[in-house]
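# Fold and contact review
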Amino acid sequence: MDTNLTKGSINKHFKNIAIPASIGFLFNTFYNVVDSLYAGRLGTESLAAMAISFPIFFLIISVSSGLGNSSTALSAISIGKKDQGYFHDIMKNSIFIGIIFGLLIPIFSPLYLPFLFNITGANESVLNIGMEYTYTILIGSIFFIMNSIFAGILGAQGITKPFRNFLILGFLLNLILDPMLMYGWLVLPKMGVQGVALATVIIQFVGTIYLFINLSKSFHFEMKILKAAKLKINQIKEIFGQSIPATLNMATIALGVFIINYFVLLYAGEDTVAAYGVSMRIEQIALIPTIGLNIAVLSLIGQNFGANNIERIKEARKKGILYGVIIMLIGTVVIFPLAPYLIRIFDDNPVVVNAGTTYLRIEAIAFTTYVFLNINVSTLQGIKKPRFAIVLGVYRQILPIAIFYLLGTIFGFGILGVWWGIVIVNWSAVFISHIYTNKQIKKIELALSD
């Protein structure tokens, strides 16, 4: 199917790209919930082991996301230029880079995993379980990365249904594989939490095969051209130029959560940390529909940038923001009155419920900021100006150290200083990103008019 995003109704393109992608990410969230539920049956130590493994697992997610976004942006640009050679060069070089990272991450894991786990301060039993789980997950690094690259290239063509199908299939397979490998059904050995990790690796492997089959059937794919494509320094530089900012921007999120947790512990204690964790899950579920919008915006803007169609670039960005704001305003209206009831689904501790409710109701003021920020970042990636994402990531995750201290300690607001600090930082970041993105689009417009 030829999905030419440089023509036709932008509204229709948003519908065809964003809805399948959002449904897929919803099932991906369910997938993670299933992992947590099954691990919880093995005991608190297994849950704790998975929790301390997350920042390390986030390394794979960051690299995969960076290469996936890079593949989407550069592939979309090549399609807009109608350059089949460039399209396949980007594909081959992206796959090459993905394979290298997919092999290096697990091979060198004995050099960095013990150190990273030991600094968590967890007890020996939790550390051992966490190491088992993480070493197994890292074996699947290459499949995580390939899936992001293949999904990114499909997304550049406006095709997101295969990735949706994979995420739904992955969720269903996980319901079976998790207990099968954990408890040792049939002739299989009992693997405990390591079985949860192995189930994920198997599912990612299945996804790699499924997504590549779909990619090979896509309109712009030609196996002969791919085989003839060369590994080129220029293309590798382009890919890194797009993927490194996206990867670092994603990595700063983990740092930001660490900083917030530090100040929450400082001002309120462990119950409020738990409340923040639960509230983040609720917030992330509310944000799922906007993930599809980000993919749609990146694909639309990438193709239209390649085709030098500035008006459709501006229209895609404008409508992406509009749809996202509407979605998040609906989320705000739902979450604000229901906040305490939503928190109780996860934890009925009164302290946790009260703290989580306060956070969600203050954070609701900032819900729409994530739309502006993500759409602006996707726009910049689509017009080959991705580096600002690093600046924005550092600003949003590092600046809060000063803001939280100022509001929480100097002005004496305590934990409320943290919650309001998040709102202030996010809205100021929206203002900065909007000015910068508008400026870059204006430069393109002037260049095309000359």
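What comes next is a walk through the structure. Just so you know, these numbers come straight off a predicted model, no measurement behind them.

## A short note on the overall build of the protein
When you go through the protein residue by residue, the secondary structure sums to 17 helices and 0 strands. For the protein, whose C-alpha radius of gyration is 22 Å, the value lies close to the compact-globule estimate of 22 Å for 450 residues. If you line up the protein on its principal axes, its C-alpha atoms span 60 × 60 × 35 Å. If you take every contact in the protein between residues at least 6 apart in sequence, the share linking residues at least 24 apart comes to 82%. When the accessible surface of the protein is split by element, carbon and sulfur atoms take 69% of a total near 20000 Å². Distance between charge centroids for the protein: 13 Å, based on 31 positive and 20 negative side chains.

## Focus: the pattern of salt bridges
For the structure on display, the rule yields 5 salt bridges. Between Asp89 and Lys232 there is a salt bridge, with its nearest N and O atoms 2.8 Å apart. Of this pair, Asp89 sits in helix α3 (residues 84–107) while Lys232 is found in the loop between α9 (223–228) and α10 (233–267), placing the two residues 143 residues apart along the sequence. Classification of Asp89 as buried rests on a relative accessible area of 9%. Relative accessible area serves as the criterion here: at 34%, Lys232 is assigned to the partly exposed category. Connected via shared salt-bridge partners are Glu311, Lys314 and Glu445.

## Details of the environment of Ile202
With respect to the helices and strands, Ile202 occurs in helix α8 (residues 193–216). C-alpha of Ile202 to C-alpha of Thr136: the two residues are 66 residues apart in sequence and 11 Å apart in space. If we ignore the near neighbours within four places in the chain, the residues touching Ile202 are Leu177 and Leu181.

## A short note on a nonpolar patch on the surface
On the surface, a cluster of nonpolar side chains totalling about 970 Å² of accessible area is made up of Ile365, Tyr405, Leu406, Ile410, Phe411, Phe413, Leu416, Trp420, Ile424 and Trp427. Mapped by element, the contributors of at least two residues to the nonpolar patch are α16 (400–410) and α17 (415–449). In terms of residues, the nonpolar patch owes the most to one element, α17, which gives 4 residues. Among the structural elements, Trp420 can be located in helix α17.

## Points about the nonpolar core
Among the nonpolar cores identified, the biggest contains 62 residues, and Ile383, Val418 and Trp419 are the most heavily contacted of them. Listing elements by their share of this core, those giving two or more residues are α1 (10–41), α10, α11 (270–306), α12 (310–346), α13 (350–363), α14 (367–382), α15 (388–398) and α17. It is α11 that provides the largest number of residues to this core, a total of 13 residues. In this structure, Val418 is in contact with Ile260, Phe263, Val264, Tyr267 and Phe404, ignoring residues within four places of it in sequence. Core analysis: the next-biggest nonpolar cluster, separate from the first, contains 60 residues, Met91, Leu138, Val193 and Phe221 among them.

## Remarks on α1
Along its 32 residues, α1 runs 47 Å from first to last C-alpha, staying within 8% of the 46 Å computed at 1.5 Å per residue. Where α1 terminates, the next one or two residues include Gly43, which has phi positive at roughly 120 degrees.

## Overview of unusual backbone geometry
Trans peptide bonds make up the majority, and among non-glycine residues the majority have a negative phi. You will see that Asn308, though not glycine, has its phi angle at about 60 degrees, which is positive. Assessed through its relative accessible area of 51%, Asn308 is described here as exposed. Notably, Lys384 is not glycine yet its phi reads approximately 60 degrees, a positive angle. With respect to the element layout, Lys384 can be found in the loop between α14 and α15. Classification of Lys384 by relative accessible area gives partly exposed; the value is 30%.

## Observations regarding the packing of aromatic side chains
Using the criterion set out here, one finds 18 aromatic pairs in the structure. Here the aromatic rings of Phe14 and Tyr323 are separated by 5.4 Å at their centres, their planes lie at 85 degrees, and the arrangement is edge-to-face. Separated by 309 residues along the polypeptide, Phe14 in helix α1 and Tyr323 in helix α12 bring together distant segments of the chain. Phe14 gets classed as buried once you look at its relative accessible area, which sits at 3%. On the basis of relative accessibility, which here comes to 26%, the residue Tyr323 falls in the partly exposed class. Seen in terms of ring centroids, Phe150 and Phe212 are 5.4 Å apart; in terms of plane orientation they differ by 50 degrees. Their pairing is tilted. With Phe150 in helix α6 (residues 141–156) and Phe212 in helix α8, the pair connects residues that are 62 residues apart, well separated along the chain. Judged by relative accessible area, which is 5%, Phe150 ranks as buried.

## Here we look at the environment of Phe346
Mapped onto the elements, Phe346 comes out in helix α12. Accessibility expressed as a relative area gives 36% for Phe346, which makes it partly exposed. When the C-alpha atoms of Phe346 and Ala275 are compared, they prove to be 9.4 Å apart, with 71 residues separating the residues in sequence. Contacts of Phe346, omitting those with residues within four sequence positions, involve Val278, Arg281 and Ile282.

Conventions we followed
- The numbering scheme is per chain: residues are counted from 1 as the chain's sequence reads.
- pLDDT decides what is reported in this predicted model: residues at 70 or higher carry local features, side-chain atom pairs at 80 or more are listed and counted, and totals for whole chains, interfaces and linings draw on all residues regardless.
- Side-chain numbers come from the whole structure's heavy atoms, not from hydrogens or water.
- Secondary structure follows DSSP: runs of H or I at least 4 residues long count as helices, runs of E at least 2 residues long count as strands, and numbering of each begins at the N terminus.
- Throughout, the radius of gyration refers to the C-alpha atoms, and the reference size of a globule is 2.2 Å times the residue count to the power 0.38.
- Contacts are residue-level and defined by heavy atoms, with any inter-residue pair within 4.5 Å sufficient.
- Per-residue accessibility takes into account occlusion by the displayed protein chains alone, with areas from the Shrake-Rupley method and a 1.4 Å probe.
- Here the positive residues are Lys and Arg and the negative ones are Asp and Glu; neither His nor the chain ends is included.
- The atom standing in for a charge is NZ when the residue is Lys, CZ when it is Arg, CG when it is Asp and CD when it is Glu.
- Salt bridges, as used here, are contacts in which a Lys or Arg side-chain nitrogen is within 4 Å of a carboxyl oxygen on Asp or Glu.
- The buried label applies to any residue whose accessible area, calculated with a 1.4 Å probe on protein chains only, is under 20% of its type's maximum; exposed applies above 50%, and partly exposed to all values in between.
- Patch membership needs two things, relative accessible area over 30% and no salt bridge, and members are linked within 9 Å if like-charged or within 5 Å if nonpolar (Val, Leu, Ile, Met, Phe, Trp, Tyr).
- What is meant by a nonpolar core is a set of buried Ala, Val, Leu, Ile, Met, Phe, Trp, Tyr and Cys residues, joined one to another through side-chain atoms within 4.5 Å.
- To estimate how far a helix should reach, multiply one less than its number of residues by 1.5 Å.
- A pair of aromatic rings is counted whenever rings of Phe, Tyr or Trp (Trp by its six-membered ring) have centres within 6.5 Å, and the orientation is called stacked for planes under 30 degrees apart, edge-to-face for over 60 and tilted otherwise.

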